[in-house]
Amino acid sequence: YISGVHTFQYILTDANGCKDTSDVVSVRIEPRPTVTINPVAEQCATNQGILLSANPVVNGIPDATFSYQWSGDVTSTDATPMLNITTPGVKNVKLQVTANNGCTSDEVSTQVVVHDNPLAEIATKNLFVCAEDEITLQANTSSSNVTYEWSSTMPLQETTGSSIKVTPPNSL
């Protein structure tokens, strides 16, 4: 772009060769802002939400200020709005900014992938065992590419895997 004030005028010549010159008009050319939405890693569904942010700039104006217009799966005029991620799916987010010079950026967009949360339940239904008898506790899922981390109020011989064997001692 060519910023600054520029003048324009024209000369009109008719079929008879007669001429007239227009008035001079001044046009001030301001730089258009650009904006990028900061990337958001894939998320797991939560009621906490995720804070969005962006980096707007105006070339040649280091102290520019901006107004924000977020749209899509978040509607806000905040600089850093909260995106609702309570449900899984792909969230589409769009943003346009207007700088204090009056110029508006092109609309930019991004997607935020929100995954469903796994359901962790112990599938073992017999939850009564005598001391020194073994019980096997089984997780409820057979999904691949998952990890398990068991914990207890008593010492465990193993703490990973979809099932663990526990033998409660006669005394702790």
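Here, the structure is the one placed above.
Nothing here was measured: the structure is a model prediction, and the numbers come from that model.

**A look at the overall build of the chain**
On a plain count of helices and strands, the chain comes out with zero helices and 14 strands. Computed over C-alpha atoms, the radius of gyration of the chain comes to 32 Å, more than 25% over the 16 Å expected from 2.2 N^0.38 for 172 residues, which places it beyond the range of a compact globule. Counting only C-alpha atoms and orienting by the principal axes, one finds that the chain spans roughly 115 × 35 × 20 Å. Residue burial in the chain is summarised as follows: out of 172 residues, 23% are buried. Sequence-distant contacts in the chain: of pairs separated by 6 or more residues, those separated by 24 or more amount to 48%. Carbon and sulfur atoms make up 49% of the accessible area of the chain, which amounts to about 12100 Å² in all. When the 7 basic and 17 acidic side-chain charges of the chain are each reduced to a single mean position, those positions are 8 Å apart.

**Re the nonpolar core**
Counting residues in each nonpolar core, the largest one holds 16 residues, and the members touching the most others are Leu52, Trp70, Val74, Leu83, Val93 and Leu95. Listing elements by their share of this core, those giving two or more residues are strand 5 (34-37), strand 9 (66-72), strand 10 (82-85), strand 11 (89-99) and strand 12 (108-115). For this core, the leading source of residues is strand 11, giving three residues. Once you skip the residues sitting within four places of it in the chain, Leu83 turns out to touch Gly49, Ile50, Leu52, Asp73, Val74, Lys91, Val93 and Val112.

**As for the pattern of salt bridges**
As enumerated under the stated definition, the model contains two salt bridges in all. A salt bridge links Glu30 to Arg28; the shortest N-O distance between them is 2.5 Å. Relative accessible area serves as the criterion here: at 23%, Glu30 is assigned to the partly exposed category. Accessibility expressed as a relative area gives 57% for Arg28, which makes it exposed.

Cut-offs and rules
Residues numbered from 1 in each chain as written. Predicted model: local features only at pLDDT ≥ 70, side-chain atom pairs only at ≥ 80, totals over all residues. Heavy atoms only, no water. Helix = DSSP H or I, 4+ residues; strand = E, 2+ residues; numbered from the N terminus. Rg over C-alpha atoms; globule rule 2.2 N^0.38 Å. Buried < 20%, exposed > 50% of the residue type's maximum accessible area, 1.4 Å probe, protein only. Contact = heavy atoms within 4.5 Å. Areas by Shrake-Rupley, 256 points an atom, 1.4 Å probe, with all protein chains shown as cover. Lys, Arg positive; Asp, Glu negative; His and termini not counted. Charge placed at Lys NZ, Arg CZ, Asp CG, Glu CD. Core = buried A, V, L, I, M, F, W, Y, C linked by side-chain atoms within 4.5 Å. Salt bridge = Lys/Arg side-chain N within 4 Å of Asp/Glu carboxyl O.

These values are about where atoms sit, not about what they do.
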